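Results of the structural survey
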Amino acid sequence: MHFLLAVLLVADLPIAEPTHPLWLLERTNGAWVTARTFGTSAYKSYTANTTLAVTCSGPRAILRLVVDVKALGFDSDPFEGPKPPKSWPLLLTTGNGTAVSHDVAAFWGVAALYQVGSQFVFETTVPPVELAKWLADETRGKVVHGQFGEMTFMFTWPQNVEALRMACKPAK
């Protein structure tokens, strides 16, 4: 009887997969909250898994694209730091909308929850208007495309945006 109950409870848990993306909600030091989902990145003929993370602290929302650049064969050296010797804007397009250009800082970061090793991070702030679009019900299920030079990113916005809304309450 207990086994059957346990199986039924587990069966109701959402499982993240490419056709069913989810937001994972994380709390760091009890203050910062991050909502994280997954997608893919591509560079030349290579593809890799990529994480999109939104962290809100005070009135600011910070977007981080966490990329395994080694798997992509991407040389990250010229792009590191807040004022790198080489950079392009990060272009993000939600659904059929207009691309929004973002200045980015790029750096090697420690892996996030449930990840191993170091990952390359593209970080930028999210304007309030763009954040409001991401929190809206109309964004559910839409594809978000990103581009940084020749590197591209693709994420399907999860159907349930409550975790993202919880992470972004401080930024509203």
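Now for a look at the structure at hand. (Residues numbered from 1 in each chain as written. Predicted model: local features only at pLDDT ≥ 70, side-chain atom pairs only at ≥ 80, totals over all residues. Heavy atoms only, no water.)

Moving on, we get to helix α3 (residues 128–135). For an α-helix, the turn length of 3.6 residues means that residues three or four places apart are oriented alike. Along α3, the residues that are buried comprise E130, L131, W134 and L135. The buried residues of α3 all sit within an arc of 140° when viewed along its axis, so they share a single face. Considering only its buried residues, α3 is in contact with β3 (46–57), β4 (60–67), β5 (90–94), β6 (100–102) and α4 (162–168). (Buried < 20%, exposed > 50% of the residue type's maximum accessible area, 1.4 Å probe, protein only. Helix = DSSP H or I, 4+ residues; strand = E, 2+ residues; numbered from the N terminus. Arc of directions from axis to C-beta. Contact = heavy atoms within 4.5 Å.)

All chains considered together, the criterion is met by 9 aromatic pairs. Ring geometry for W23 against W157: centres 5.1 Å apart, planes inclined by 80°, an arrangement best described as edge-to-face. One end of the pair, W23, is in the loop between α1 (2–11) and β1 (24–28); the other, W157, is in the loop between β10 (151–156) and α4, and 134 residues separate them in sequence. For W157, a relative accessible area of 1% puts it in the buried group. Consider the rings of F74 and F79, whose centres lie 5.3 Å apart with planes at 25°: the pair is stacked. Both residues of the pair, F74 and F79, count as buried. Site record: aromatic cluster; members linked through ring pairs are Y43, F74, F79, W108, F120, F122, F148 and F153. (Phe/Tyr/Trp six-rings, centres within 6.5 Å; stacked < 30°, edge-to-face > 60°.)

Without other data, these values stay purely geometric and don't point to any function.
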